[in-house]
Amino acid sequence: MAESVELPSRLAILPFKNKVLLPGAIIRIRCTSPTSVKLVEQELWQREEKGLIGILPVRTDSANQNTRVQGGSSDSHKLDTKKQNDVVHWHNRGVAARPLHLSRGVEKPSGRVTYTVVLEGLCRFRVQELSTRGIYHTARITSLEMTKTELEQVEQDPDFIMLSRQFKATAMELISVLELKQKTGGRTKVLLDNVPVHKLADIFVASFEISFEEQLSMLDSVDPKVRLSKATELVDRHLQSIRVAEKITQKVEGQLSKSQKEFLLRQQMRAIKEELGDNDDDEDDLAALERKMQSARMPQNIWKHAHRELRRLKKMQPQQPGYNSSRVYLELLADLPWQKASEEIELDLKAAQKRLDSDHYGLVKVKQRIIEYLAVRKLKPDARGPVLCFVGPPGVGKTSLASSIAAALGRKFVRISLGGVKDEADIRGHRRTYVGSMPGRLIDGLKRVGVCNPVMLLDEVDKTGSDIRGDPASALLEVVFVATANRLQPIPPPLRDRMEVIELPGYTPEEKLHIAMQHLIPRVLDQHGLSSEFLQIPEAMVKLVIHRYTREAGVRNLERNIAALARAAAVRVLEQEQVVPLNKGMEGLTTPLVENRLADGTEVEMEVIPIGVNSRDITNTFRIASPLVVDEPMLEKVLGPPRFDGSEAAERVATPGVSVGLVWTAFGGEVQFVEATAMVGKGELHLTGQLGDVIKESAQIALTWVCNKIQFV
């Protein structure tokens, strides 16, 4: 380490916010702001011989506090920041630093240039005048380092000699303690023998975690005797803190086994609180859990049980097997909405009927049954309601009907899917004796929705199965719910007997047309950021989609095909030549754009649309010459050739020996053609394929009927 450094009369200044670099210390920084990047690029990167830069501490204080950085008001240079309430205080003393390592990087995908610099502090300086060079600061400086003659005189001072011995003794004691703990002390001892003591003071203090004010005080200590005195105090304080930590560790290890790691950490925390004299129980997790349980307002019988469980938990050690499951159980009881309920609105049957009609087209009998259910509930609110089960093919509106019931009652809605559930513990919950036990889906749904009176929908009750882990359908006998299913046959008879089945058979083509025009098309356009100004689908085209591309009981495939048309229209909107740029015509948005200037005065290269702006508002900034009207050629281009031909049945039935049959499925049903061909044989019947018993019996009956006809003829 050099004894003296020749400083230029002017240095580029890199501000350190609430941080101080001391001489002899090495620090690595990453420059990302435009100001620091420009400084490093011009002062260090582009120069063949890397020069010096100045590191100046900076502190931001509130303007109304009238605080000053140590050094006096005449030495502080104030700059107003972007916020009017803050004032930047530049310290009047800094440290000249030289780069030991310099690397350049480019962030992707923004392309922003960044620099990583490793700096070594060299010597102190005083700021005489602070000015700007482009977007960064420079300063006219004078060195604060002593000359060689002055330093030799100080080293002969008896007070300095005494302070030096005291500092070295304290530093050696600290190094010995650290060497025992971390096995690292050899290089530090070399520093004690070879580096001047006034430089050692800065090096040692730079390695400690001290406050910003203490760092500034050390930086301002130009006199070596003052510097040694402060450094000795800080080194001794650090040594004492290590000894206190060792005392706590020895106290705890004498009481516990080393294998109890988790319990050891908790005992260390308690010992630290005792050493600090802080025995505040507010930080105790179990005390916080107890307060949470009290605020949950449980029923009296539940509270007695929970309080007894809490007393047992307090006596347990965290490493005991049942500790975690007991705690999770109590946290669940505290999280359940025992007294939180949805405020039901005044039930209006006309409003409920209007809501059902707006959400669903057709389904007259189904909606009438729901209105009857609501009417009975209004006359007798405490009546035990029926267990409604909506049965029908996918896509006919079973789940949305349950959501409409919740909206009519003014309650929250929660959907629980039972598809694929084979363990009855998923319904009832696991026993607490099991590792990783969890509550059932019903309790988890109550916890998630946050009220004790939601409308709970158990979806796909026919998809549950049973195996060695139990029968989930049997567990459902204990609860009251609104359920949906595709088929009734898989539902066990005891469970089916408790439910009132409401069948939703499917929609006719006319009903599908109304649903598409009133519900599906507006919803799809909104989901794709479009409106009728961009895409129009006539009724005739919707009919073609229904007859040629979909053959289902519900309307899900119909919605998917309409969505395909919307995606094609979105591509055309963005390919139009008359598109207005996104940064034009945005004045109509209710949410303002972000400010177009950064704190350092540089321009923003792009405008950012804030979160909360509706996709429809963004789309309205585009203008096209005319809306896209879907026609038959576009249908075939987007959806492909027709999948179904309505003339197929007429052509097949006109052929002799062909009969039409209807096959029932869970998805609505299919039309099948049965063909018979006259050929020479012995009159035997061979059936191939995986046919059910009913089909086999039907084939035998048909053969018997034909044989009897032939005999009579």
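The protein is annotated in an unreviewed UniProt entry as Lon protease homolog 2, peroxisomal from Vigna mungo.

A few words on the nonpolar core. If you look at the biggest cluster of nonpolar residues, it comprises 56 residues, and the most contacted ones within it are Phe-390, Ile-537 and Leu-635. If one sorts the elements of this core by residue count, helix α21 (residues 556-575) sits on top with 8 residues.

Next up on the list: the pairing of strand β12 (residues 482-485). The side-chain alternation of β12 yields two buried faces, one formed by Val-482 and Thr-484 and the other by Ala-483 and Ala-485. Bridge analysis of strand β9 (residues 387-391) against β12 gives 3 bridges, and the strand direction is parallel. What sits directly across from Cys-389, in β12, is Ala-483.

Attention shifts here to the packing of aromatic side chains. What the rule picks out here adds up to 2 aromatic pairs. Residues Phe-167 and Phe-204 carry aromatic rings whose centres are separated by 5.7 Å and whose planes lie at 80 degrees to one another, so their mutual orientation is edge-to-face. Taken together, the residues Phe-167 in helix α3 (residues 158-182) and Phe-204 in helix α5 (residues 197-206) connect sequence positions 37 residues apart. Neither residue differs from the other here; Phe-167 and Phe-204 are each classed as buried.

Another point: the UniProt feature "binding site: ATP" (unreviewed entry) in the protein. Under the UniProt annotation, "binding site: ATP" (unreviewed entry) lies at Gly-392, Pro-393, Pro-394, Gly-395, Val-396, Gly-397, Lys-398 and Thr-399. Tracing the sequence through the fold places Gly-392 in the loop between β9 and α14 (398-409). Those residues in contact with Gly-392 that lie beyond four places of it in its chain are Lys-398, Ala-485, Asn-486 and Leu-504. Within the secondary structure, Lys-398 is located in helix α14. Looking at Lys-398, the relative accessible area reads 10%, which means it is buried. There is a polar contact of 3.3 Å between the side chain of Lys-398 and the backbone oxygen of Gly-392.

This part takes up the pairing of β9. The buried fraction of β9 amounts to 5 of the 5 residues, a majority that puts the element mostly inside the structure. Strand direction decides the pairing type here: β9 and strand β13 (residues 499-503), joined by 5 bridges, are parallel. Its bridge partner being in β13, Cys-389 is matched across the sheet by Val-501.

Okay, unusual backbone geometry next. For Asn-18, which is not glycine, the phi dihedral falls at a positive 55 degrees. Residue position: Asn-18 is located in the loop between β1 (10-17) and β2 (26-31). Its relative accessible area of 39% is what places Asn-18 among the partly exposed residues. At Arg-297, a residue that is not glycine, the phi angle is positive and equals roughly 55 degrees. Its location among the elements puts Arg-297 in the loop between α9 (285-295) and α10 (300-315). Using a relative accessible area of 52% as the deciding quantity, one classes Arg-297 as exposed.

Tallied over the full model, the rule gives 25 salt bridges. For Glu-173, the salt bridge identified is with Arg-243, shortest N-O distance 1.8 Å. Residue Glu-173 is found in helix α3, and its partner Arg-243 is found in helix α7 (residues 224-253); the two are separated by 70 residues along the sequence. Exposure remark for Glu-173: the relative accessible area of 34% places this residue in the partly exposed category. Accessibility expressed as a relative area gives 34% for Arg-243, which makes it partly exposed. Of the charged contacts in the structure, one is a salt bridge between Lys-314 and Glu-290, with a shortest N-O distance of 2.9 Å.

A few words on the sheet that holds β9. Strands sit in the order β10-β11-β12-β9-β13 across an open sheet of 5 strands; the sheet is parallel. A strand with exactly one partner marks an edge of an open sheet, and here the two such strands are β10 (413-417) and β13. Mean inter-strand twist for the sheet, computed between neighbouring axes without regard to direction, equals 25 degrees. As defined by bridge partners, strand β11 (residues 455-459) adjoins β12 across 2 bridges and the pair is classed as parallel. By the bridge assignment, Leu-458 is partnered in β12 with Ala-483. Sitting on the sheet, helix α13 (residues 364-379) is in contact with β9 and β13, with an inclination near 145 degrees to β13. The strands touched by helix α16 (residues 441-449) within the sheet are β10 and β11, with β10 carrying the most contacts at an inclination of about 150 degrees.

Contact pair helix α19 (residues 509-527) / helix α20 (residues 539-549): the axes reach a minimum separation of 10 Å and the direction vectors enclose 120 degrees. Here α20 runs oblique to α19, going by the angle between their axes. Between α19 and α20 the crossing geometry is right-handed. Where α19 approaches α20, its residues Pro-509, Lys-512, Leu-513, Ala-516, Met-517 and Ile-521 are matched on the opposing element by Glu-539, Val-542, Lys-543, Ile-546 and His-547. Looking at the contact of α19 with α20 residue by residue, the classes come out as 7 nonpolar, 1 polar and 3 charged.

The next subject is the packing of α13 against α14. The geometry of α13 relative to α14 is characterised by a closest axis approach of 12 Å and an angle of 30 degrees between their N-to-C directions. On the basis of their axis angle, the class for α13 and α14 is roughly parallel. Along this stretch, α13 crosses α14, giving a crossing that reads as right-handed. On α14, the residues that touch Val-366, Ile-370, Leu-374 and Arg-377 of α13 are Leu-401, Ile-405, Ala-408 and Leu-409. Along the lines of polarity and charge, the residues of the contact of α13 with α14 split into 7 nonpolar, no polar and 1 charged.

What counts, and at which threshold
Residues numbered from 1 in each chain as written. Predicted model: local features only at pLDDT ≥ 70, side-chain atom pairs only at ≥ 80, totals over all residues. Heavy atoms only, no water. Core = buried A, V, L, I, M, F, W, Y, C linked by side-chain atoms within 4.5 Å. Buried < 20%, exposed > 50% of the residue type's maximum accessible area, 1.4 Å probe, protein only. Helix = DSSP H or I, 4+ residues; strand = E, 2+ residues; numbered from the N terminus. Pairing = 2+ DSSP bridges. Phe/Tyr/Trp six-rings, centres within 6.5 Å; stacked < 30°, edge-to-face > 60°. UniProt positions renumbered as here; feature names shortened; annotations may be inferred. Contact = heavy atoms within 4.5 Å. Polar contact = N/O pair within 3.5 Å; in protein donor to acceptor, adjacent residues only side chain to side chain. Salt bridge = Lys/Arg side-chain N within 4 Å of Asp/Glu carboxyl O. Axes fitted to C-alpha atoms, helices over the stretch in contact; angles between N-to-C directions. Parallel < 35°, antiparallel > 145°, perpendicular 65-115°, else oblique. Left-handed = near helix turned anticlockwise from the far one by under 90°. Nonpolar A, V, L, I, M, F, W, Y, C, P; charged D, E, K, R; others polar.

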